[in-house]
Amino acid sequence: MTIDELDTPSVLVDLDVLESNIKRMADYCHQHHLQLRPHAKTHKSVVVAKMQLAAGACGLTVAKPDEADMMAAAGIEDILVAYPIVTARKAARIAKLAERAKMRVALDSIEAIECLSRAAAAQGVDIGVLVEVDIGFARCGVGRPEDSIALARAADRMRGVRFDGLMFYPGHIKSPASEQAPLIEEVNRRLIPHYEAFTAAGIPVSIVSGGSTPTAVQSHHFKGVTEIRPGMYAFLDRNMLTIGVGTREQCAITVLVTIVSNVARSRVIMDGGSKTFSYDPLSVGDHRGYGLVLGQPHAEVIGFSEEHGHLDTSRCARAPRVGERLRIIPNHVCATINMHDRVFGIRGDRVEQIIHVDARGGVQ
Ligand SMILES: Cc1ncc(COP(=O)(O)O)c(C=O)c1O
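To start, this report covers the structure provided alongside it.

Calculation criteria
Residues numbered from 1 in each chain as written. Predicted model: local features only at pLDDT ≥ 70, side-chain atom pairs only at ≥ 80, totals over all residues. Heavy atoms only, no water. Buried < 20%, exposed > 50% of the residue type's maximum accessible area, 1.4 Å probe, protein only. Helix = DSSP H or I, 4+ residues; strand = E, 2+ residues; numbered from the N terminus. Contact = heavy atoms within 4.5 Å. Polar contact = N/O pair within 3.5 Å; in protein donor to acceptor, adjacent residues only side chain to side chain. Near = heavy atom within 4 Å. Areas by Shrake-Rupley, 256 points an atom, 1.4 Å probe, with all protein chains shown as cover. Nonpolar A, V, L, I, M, F, W, Y, C, P; charged D, E, K, R; others polar. Axes fitted to C-alpha atoms, helices over the stretch in contact; angles between N-to-C directions. Parallel < 35°, antiparallel > 145°, perpendicular 65-115°, else oblique. Left-handed = near helix turned anticlockwise from the far one by under 90°. Salt bridge = Lys/Arg side-chain N within 4 Å of Asp/Glu carboxyl O.

### Some points on helix α2 (residues 46-54)
Part 1 of the argument: The set of residues buried in α2 consists of V46, V48, A49, M51 and Q52.
Part 2 of the argument: Turning to α2, the residues buried within the fold contact α1 (15-31), β3 (60-62), α3 (65-73) and β17 (350-356).
Part 3 of the argument: Structurally, the start of α2 carries an N-cap: the backbone nitrogen of V47 is 3.3 Å from a side-chain oxygen of S45.
Part 4 of the argument: Within two residues after α2, G56 carries a phi angle of roughly 120°, on the positive side.

In structure tokens:
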């Protein structure tokens, strides 16, 4: 089948680009002796996870037990849940998975450790704990070294859980690589007191899990990092291109749409709206627009209804005709893929593979 035969809207994934993005990150990690544990929330797909593992990833990161279930059922044996698990129901699911996969959970509270310990002890398994440290993003994570030490000691005291190390997420760093040095220094300034406290307490820290897509290839500048968890790197999106993380040619994802109405010069409507793209704003730069229209640099995606995408084409030399197809890079790849049961792997004009978004809608 060729792309022309696909109905719209459809999400297209350029397989050559995806493969080269996966390889480039694996090579970077290999070169810097870092483990790569890609975040599967971006693709939620077993096929893509297996491509990442085949290229050398040590395991996967997930946010949700639903995602962990899906990946473990596909035979993936090393999973970090980079999200606090604080309820008995979710902890029991993680403990069940620990019977067949190496499971770790990142957390920042005694309640989370107690909850995991109860579930693990009841199941007769061991679950690794990474204590999350807040390094400036101000979401989850403890700030004070005495708090990370207290959580590590609690994990080592309780049945079924074991302290394995620390995790941090530099989600606030969204600038080009050339401007990241002072921000990374600030992260190090927050991390180092934790390392010193663990050394003084004689508690080994075997894993320090860091990394996001914007900072991924600067990871060797973060002190003590042993593994990284980028997710978006495999596809990239308009947010990442806007801050200079990759080039247009390195972006693997586009959404194929059809123009369905062009009654007014500045009101061209396409058949993908918020249920196709998500409504994520551009989180960087001038925050304008909801996608990058390929081949129409002056067309602006100005908004969405559920099934209608609104294009302002008043500055275009030629407005798209009804029935014409366009390809658009979405603002945020993770949110876009999560809207689709399947995406289409293409090579050139050929549709080579249907990629199922296995854990789509798996938010628990
Ligand atoms: C805890 C955690 N780790 C890793 C990632 C992946 O980073 P990125 O989305 O920049 O690829 C995320 C993304 O939200 C995250 O929340």
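### A few points about the side chain of T8
Part 1 of the argument: Its location among the elements puts T8 in the segment before β1 (10-14).
Part 2 of the argument: Assessed through its relative accessible area of 13%, T8 is described here as buried.
Part 3 of the argument: At 2.6 Å, the side chain of T8 and the side chain of T258 are in polar contact.
Part 4 of the argument: Within polar-contact distance, the side chain of T8 engages the side chain of D271 at 2.6 Å.
Part 5 of the argument: Those residues in contact with T8 that lie beyond four places of it in its chain are L256, V257, T258, D271 and R325.

### Some remarks on the environment of R315
Part 1 of the argument: Considering the arrangement of structural elements, one finds R315 in the loop between β14 (309-312) and β15 (325-330).
Part 2 of the argument: In sequence terms R315 and M1 are 314 residues apart; their C-alpha atoms lie 35 Å from each other.
Part 3 of the argument: Once residues lying within four places of it in the same chain are set aside, the contact partners of R315 are H298 and E300.

### Quick notes on the site of the ligand
Part 1 of the argument: By nearness alone, 14 residues border the ligand, and R139, T213, R229, G231 and M232 come closest of all.
Part 2 of the argument: A distance of 3.3 Å separates an oxygen atom of the ligand from a polar atom in the side chain of Y169.
Part 3 of the argument: In this structure, an oxygen atom belonging to the ligand sits 2.7 Å away from a main-chain N or O atom of G231.
Part 4 of the argument: In the complex, the protein chains occlude 91% of the 390 Å² of accessible area that the ligand would expose alone.
Part 5 of the argument: Split into classes, the residues belonging to the shell around the ligand amount to 6 nonpolar, 5 polar and 3 charged.

### Concerning the environment of G244
Part 1 of the argument: By secondary structure assignment, the location of G244 is in the loop between α8 (238-242) and β10 (253-264).
Part 2 of the argument: For the pair G244 and P176, spaced 68 residues apart in sequence, the C-alpha separation works out to 5.6 Å.

### Considering unusual backbone geometry
Part 1 of the argument: Backbone torsion omega between T8 and P9 reads -5°, so that peptide bond is classified as cis.
Part 2 of the argument: By secondary structure assignment, the location of P9 is in the segment before β1.
Part 3 of the argument: Phi is positive for K44, which is not a glycine, with a value near 50°.
Part 4 of the argument: Here K44 shows up in the loop between β2 (35-36) and α2.
Part 5 of the argument: The exposure class assigned to K44 is buried, which follows from its relative accessible area of 7%.
Part 6 of the argument: One non-glycine residue with positive phi stands out, namely S278, at about 75°.

### Some remarks on the side chain of S45
Part 1 of the argument: Of note, S45 is situated in the loop between β2 and α2.
Part 2 of the argument: You can call S45 buried: its relative accessible area is 1%.
Part 3 of the argument: Excluding residues that lie within four positions of it along the chain, S45 makes contacts with M71, I355, H356 and D358.

### Thoughts on the packing of helix α6 (residues 145-157) against helix α7 (residues 181-201)
Part 1 of the argument: Where α6 contacts α7, the axes come no closer than 9 Å and their chain directions differ by 50°. Taken as axis vectors, α6 and α7 run oblique relative to one another. Considering the relative orientation of α6 and α7, their crossing is right-handed. Side by side, α6 and α7 meet where P145, S148, I149, A152 and R153 of the first sit next to P193, H194, A197, F198 and A201 of the second.
Part 2 of the argument: Per-class residue counts for the contact of α6 with α7 are 7 nonpolar, 2 polar and 1 charged.

### Observations concerning the pattern of salt bridges
Part 1 of the argument: A full pass over the atoms with the stated rule returns 23 salt bridges.
Part 2 of the argument: R37 is the partner of E227 in a salt bridge, and the nearest nitrogen-oxygen pair spans 3.0 Å. Separated by 190 residues along the polypeptide, E227 in strand β9 (residues 227-228) and R37 in the loop between β2 and α2 bring together distant segments of the chain.
Part 3 of the argument: On the basis of relative accessibility, which here comes to 4%, the residue E227 falls in the buried class.
Part 4 of the argument: E99 serves as the salt-bridge partner of K96, at 3.2 Å between the closest nitrogen and oxygen.
Part 5 of the argument: In this structure K96 comes out as partly exposed when scored by relative accessible area, which is 47%.
Part 6 of the argument: Take E99: its relative accessible area is 47%, and that puts it in the partly exposed class.

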